[in-house]
Amino acid sequence: MANTTAVIPVLECKNVNISYYTRAGEIPAVVDFNLTVMPGESIGIVGESGCGKSTVALAIMNYMGKNGRVKSGQILFNGRDLQAMSEDELRSIRGSQISMVYQEPMASLNPSMKIGEQLMEVPLYHEDVTQAEAKQRSLDMLAAVKLPDPQRIMDAYPHQISGGQQQRVVIAMALLSKPALLLLDEPTTALDVTVEAGIVQLIKEISSQFGTSMIYISHNLGLILETCDRITVMYSGEAVETGSVQAVFNEMRHPYTRGLFASIPLPGTNKNSRPLVPIRGQLPLPQNRPQGCYFGPRCDFFQAGCCDQEAGISMRPVLHEVRHEVRCERFEAIDWQSYHPEGLSGEQAEIGQVVLEVKHMKKYYELSDSSLMAFIKGKKVQYVKANEDINLLAREAETVAIVGESGCGKTTFAKVLMGLEEATEGQVILNGLELGHTPVQQRKAQTVALLQMVFQNPFDTLNPSHTVGSQIARVIKKFDVESDPEKVNQRVLELLDLVKLPRDFALRRPRQLSGGQKQRIGIARAFAGNPAVVVADEPVSALDVSVQAAVTGLLTDIQRNLKTTLLFISHDLSVVRYVSDRIVVMYLGRIMEQGTTDEIFNPPYHPYTEALLSAVPIADTSVKKRHIVLEGELPSPVNPPSGCPFQTRCPRKIGAICETQLPSLQQTATGHAILCHIPMTELNLVEQVIQMDAA
Amino acid sequence: MTTQVKLETNEIPQRESGFKRFFKALILMRESPIGMVGLVLILFWVVMAVIAPLLPLYDPNAIMLPFQKIGAAAPDGGTFWLGTDHKGRDILSRIIWGAQKVLVWATFATLVAYIVGMLMGVVAGYLGGWADEAVSFIANVFLSFPFIILCIIIVATLGASGWTIVVAVTFASAPQIMRIVRGLVLDLKTRDYIFAAQTRGESPWYIMLVELLPNARGPLIVDACLRLGYTVVAIATLGFLGLGLPPPDPDWGLMIKEAVPLGAFAGHSMYLPAAALASLILGFNLLADGLREVSLRD
Amino acid sequence: MIVLAAKRLVAMLLIMLVVSFILFSLFEADKMAVAGKVLGPYSSVEQRELWLSQNGYDAPFLTRYAAWMGKAVTGNFGDSLQYKVPVSELLVDRLQNTGILTLVFFIILIPVSLTLGVLAGMKEGSFQDRAISVVSVLTTSIPEFATATFLTGLFVYTWHLLPGTSSMTNGFSWKELILPVMVLVIYDFGYVTRMTRASMAEVMTSQYIRTAILKGLPYKRVIMRHALRNALIAPFTVIVLQLNWLLSGLVVVEVFFAYKGFGTLLLDAALFGDIYVIEACVMVAVFIAVFSQFISDIGYTLLNPRIRFS
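Residues numbered from 1 in each chain as written. Chains lettered and ligands numbered in written order. Predicted model: local features only at pLDDT ≥ 70, side-chain atom pairs only at ≥ 80, totals over all residues. Heavy atoms only, no water.

By the naming in an unreviewed UniProt entry, chain C goes by Peptide/nickel transport system permease protein and is assigned to Thiothrix eikelboomii. Per UniProt, chain C has the following entry under Sequence similarities (unreviewed entry): "Belongs to the binding-protein-dependent transport system permease family." Under the heading Subcellular location (unreviewed entry), UniProt records this for chain C: "Cell membrane". (UniProt positions renumbered as here; feature names shortened; annotations may be inferred.)

In the annotation of an unreviewed UniProt entry, the entry for chain B reads Peptide/nickel transport system permease protein, and the organism field reads Thiothrix eikelboomii. On record in UniProt, under Subcellular location (unreviewed entry), the comment for chain B is "Cell membrane".

(A) Seen up close, the environment of Lys84(C). Tracing the sequence through the fold places Lys84(C) in the loop between α4 (61-73) and α5 (87-122). Along the sequence, Lys84(C) and Val38(C) sit 46 residues apart, while their C-alpha atoms lie 9.3 Å from each other. (Helix = DSSP H or I, 4+ residues; strand = E, 2+ residues; numbered from the N terminus.)

(B) The arrangement of the side chain of Thr194(A) in detail. All names here are of chain A. Tracing the chain through its elements places Thr194 in helix α8 (residues 193-210). The class for Thr194 is buried, based on a relative accessible area of 3%. Of note is the side chain of Thr194, whose polar atom sits 3.1 Å from the side chain of Arg649. Discounting chain neighbours no more than four positions away, the residues touching Thr194 are Glu405, Tyr608, Leu612, Ala615, Leu630 and Arg649. (Buried < 20%, exposed > 50% of the residue type's maximum accessible area, 1.4 Å probe, protein only. Polar contact = N/O pair within 3.5 Å; in protein donor to acceptor, adjacent residues only side chain to side chain. Contact = heavy atoms within 4.5 Å.)

(C) Just the sheet that holds strand β9 (residues 230-235) of chain A, in detail. All names here are of chain A. The strand order β6-β7-β8-β3-β9-β10-β12-β11 describes an open sheet built from eight strands, whose pairing is mixed. Pairing within the sheet leaves two strands with one partner each, and these edge strands are β6 (98-101) and β11 (316-317). Here five bridges tie strand β3 (residues 42-46) to strand β8 (residues 213-218), and the two strands are oriented parallel to one another. Note that in β8 the partner of Val46 across the bridge is Ser218. (Pairing = 2+ DSSP bridges.)

(D) Structural detail: the interface of chain B and chain C. Across the boundary between the two partners, chain B contributes 39 residues, which contact 39 residues of chain C. Taking both sides of the interface into account, the surface hidden between chain B and chain C amounts to around 3400 Å²; carbon and sulfur atoms contribute 79%. One salt bridge in this structure joins Arg194(C) and Asp289(B), with 2.8 Å as the shortest N-O distance. Linking chain B to chain C there are four residue pairs in polar contact (both at pLDDT 80 or more). Among the secondary structure elements, those contributing two or more residues to the side of chain B that touches chain C are α4 (129-143), α5 (147-158), α9 (217-240), α10 (252-259) and α11 (268-297) of chain B. Top element by residues in the side of chain B that touches chain C is α11(B). It accounts for twelve residues. Split into classes, the residues belonging to the side of chain B that touches chain C amount to 29 nonpolar, seven polar and three charged. (Buried area = accessible area lost by both parts, 1.4 Å probe. Salt bridge = Lys/Arg side-chain N within 4 Å of Asp/Glu carboxyl O. Nonpolar A, V, L, I, M, F, W, Y, C, P; charged D, E, K, R; others polar.)

(E) Inspection of the UniProt feature "domain: ABC transmembrane type-1" (unreviewed entry) in chain B at higher detail. Mapped onto the present numbering, the UniProt feature "domain: ABC transmembrane type-1" (unreviewed entry) falls at residues 99-288 of chain B. The span residues 99-288 of chain B is 81% helical and 0% strand by assignment, and the distance between its end C-alpha atoms comes to 20 Å.

(F) Local environment of the nonpolar core. Membership of the largest hydrophobic core comes to 177 residues, with the highest contact counts inside it found for Leu11(A), Phe33(A), Ile60(A), Leu82(A), Leu181(A), Ile215(A) and Ile472(A). The element that contributes the greatest number of residues to this core is helix α7 (residues 163-175) of chain A, accounting for seven residues. If you look at the next biggest cluster of nonpolar residues, it comprises 131 residues, including Ala109(B), Leu90(C), Ala270(C) and Ala280(C). (Core = buried A, V, L, I, M, F, W, Y, C linked by side-chain atoms within 4.5 Å.)

As structure tokens, this is what we get:
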């Protein structure tokens, strides 16, 4: 037997292979997976979609569904094999010794049960406690996860609290029985950035407060850096690199890990001088994995005979380092110093004349209130102030980013620009033509062509019923670019070349394309009518990290060459910092701050911008960041706070004036504008949020 | 320029023909045994209906020996394979010709109902506002009639004929189709490709007919299959109530109605048309189930 | 909530108004036929016209409609042309009979179909699921009068266990109620079962059931407390809406078994052209349809906390 004094790992995965068995045959989801979690340790598993990271979590829970099975290997929990356990044994472990936090808090809670009952179940069914005791413990735990007014939460149904609060409830539920191991599967992906920051803060405190070991699954390297001690990078079902966070982040060894880091916009990257380097090619489907190294076909260091051996590649330790392993045959041979892959870059295009001007634009929606009270009072209509007093300039070849969280009005703003909604007040001027009150159908074809859009969701940006080519052709014909069928066809093929897709894609249906490819088609469609302004609404947020880099690069590249103005709407400040020349920060329908990228990322900050910058997880160990966690929830735009919209959550609130008066706009000569009561001179003294290490 | 345009033409694969894709869809059905059984049942009746004029059958309305048992010899030396009814008409012939009648009218009536219902649904769902209110109110008026009662009233007013059945089925089914299409459209119209069409200034009709409707086809094909079944039931039920296709044309519902009182000594003349009817409707229901199963898989 | 109820009620009244108007004008086009029905096929045109004017048919259409409306609101639907008695008398009697049939039907249908549906949906793809699904698709595929034909053949002609007609001429008889109820249940349970199954199966794949299982709760608790409540919301609305469907089935079943209920009354009236009976019957049918819709909406709201508290 093992030495009893040695510390037993909480969890150990030994050579685990997991497969799904479908009609199409066996699909190996996870291959040769090893993982050791020591008590109190937190381990991050990172990888792109389809890499098998969630499958690992479900296998640990032994909850694989009908057709999934651990084919070989062992998953040991405190030294006992989970696969060998009976249903009863499993049940006694689930929720009490291993518990899990899920990606979508709303869907993970039972909609028709009060939160109190859902929480109390955990101690009631795992320990011999009374109702009163279970209730008290639930209340205490809700307080421990920093939920205000636990009694009210206990009596609420899940839909009555916000997304951030729901996730805190799920975390509380997971911690109620003091588990030895906590699995977190993308716990903040569905949340807004500032809400995410609060949850991440909470997760960081868990292990110190409760001594729980954690496995944190995420696609975001920055979040792993903030929360974990160790990291395992997965690619196509395999762990390709594992080690301490410091070791992997500072000296990554596997070419895929390198590629991943090179394709995320870290501070210091820039579209002109230090561009992102996308990983070429595509993630192979599990059925089509190459022989040997699965990353081989996408790797610049691939060597036939070595990397494609039939036996496959196994994990090998890095010499002179502790618990740092790499699944690469050649990692010692690679000379990273002399490796300088070429990214998509080009000269900064010259910024020209003003193309688009928005002046004091307002958009109010009417909301009919059908409650009895409203009926009696005769006040049936409420206004949602989706956009208030929007002022904005965009010049030729310039990229202007609009940043904000959900409900900030950025999507409404795009709709007004596109003519899908009419502005309530104010003007939208494009090339000298007033458009704010002209719905798209009354605009001339040439005007419509001047202003086009790239949409967020690659899965419904294209009509699934029509071929890719016919959808692009329709735009060309609609905008009178060409009318001769032969020429239209030619133009379609040219556009496919423009977005670097093979020409035979013209005859494909959208479902035969990957997410990134669909988004490329979306870009081709937007540029088909030679637009002056393209509005891109979160064009890459639904894509995988390595694909994001390629699509972002492509978009900025085309925009630069065609001297198009790009309005880039996003919630992700890292991407925004990378692509944009100027940034507009919105909160609850108002512009809180706008200025050049440098102005936004350096003091003076608007307190909201400051919090937003602090909330962005950064995957760079040399970057120091101040942590600012906002209190409270995002207010609803139906019922915005009085005075300054940000006053309910502002850490720098100066007093009653914030609650009663809307601040006046403070503007510098360069156009940097801040909507705040605190004088610019005072804001100037605020410390940098993100500091790059001098070294 | 980093984005240079290459102008060589590369091979472009041809799109498969409609027939080939239909054939592929049939092969896909193989994966659902239930759907296969349904398809076989339907095809059996369709083939019977099509080749009815070519089969060596007695005239369905010819009056010969009444109450003949299954397989009894006919006076002209032939055989009454399924016997004869109380008036001495050949049951086999009446069932096969009845299949033709019910299939033709059911298909036609469902088609008309679908055209009306889809137009109503796409208009209500996409345009919304008062157009939705108006169309939905009309639909609600007709939906508040129970199906058969609406049919009875229409037949009682217009008189019994195939065309009346078409009208009745349209009035009864179109509002239901409208509701389904409206629901689908309400979901589909929030998709980005609809916004894309709107932002390039497409007309509402283009968006409704070209962008929206083709994407609703999956659930609608399943529903159409079920609805064909309902329509067959409706036609047979009207026949049973004496409101269907006017006699002496063979009608399954009417055959059952006439045979039941005499079921004590001529059971086969009531069981056989009932079984024929049940098998056809079962076919539609099973095929719909199979289609749903297959469509959910991919 | 109250506003919703009020809106629904107004919509219902509006629909009934429109329907009654359409019906009234439909039969208006055929006044002569009405007179013919009353006076017999051999009456002369003059006799018919005289009857029409004597019975106030000369008054303008809208006036007569308004007059009928006024009386109908108080429950007086006029006299039946066929039976020469007040429609309301006929209707009350027939509705009572149909009510009994419906009640017994629901008492059997609800427990049977919900239990089967839950059992099938609990484990999708299991043997019990497949068996229940196949049986329910089979039974729903056979229209009521075909089921009735087979059952009559077996229970009446072959085994001589039950009476073939249910006219209840010698007073109420449970024995005569068995076949009609059986036919209705066999035809309808499949639909509700399939609905329940689909709803249960969907709930079982939901993330909150995964949460409940991974919380380490016993399977029984997962099903009874977490799944059932959510899974039964959809079937509840379907069952209430069955009332509307049921009316169609009732006509057929009542006619088949000569049961003296609402359905036979309506069919007889339609075949005869007994306009006031038709009007009254349709008003009742529309009322039931719209009212059941209303109940199902309210029930859905009450059962669903997500809607109840928003």
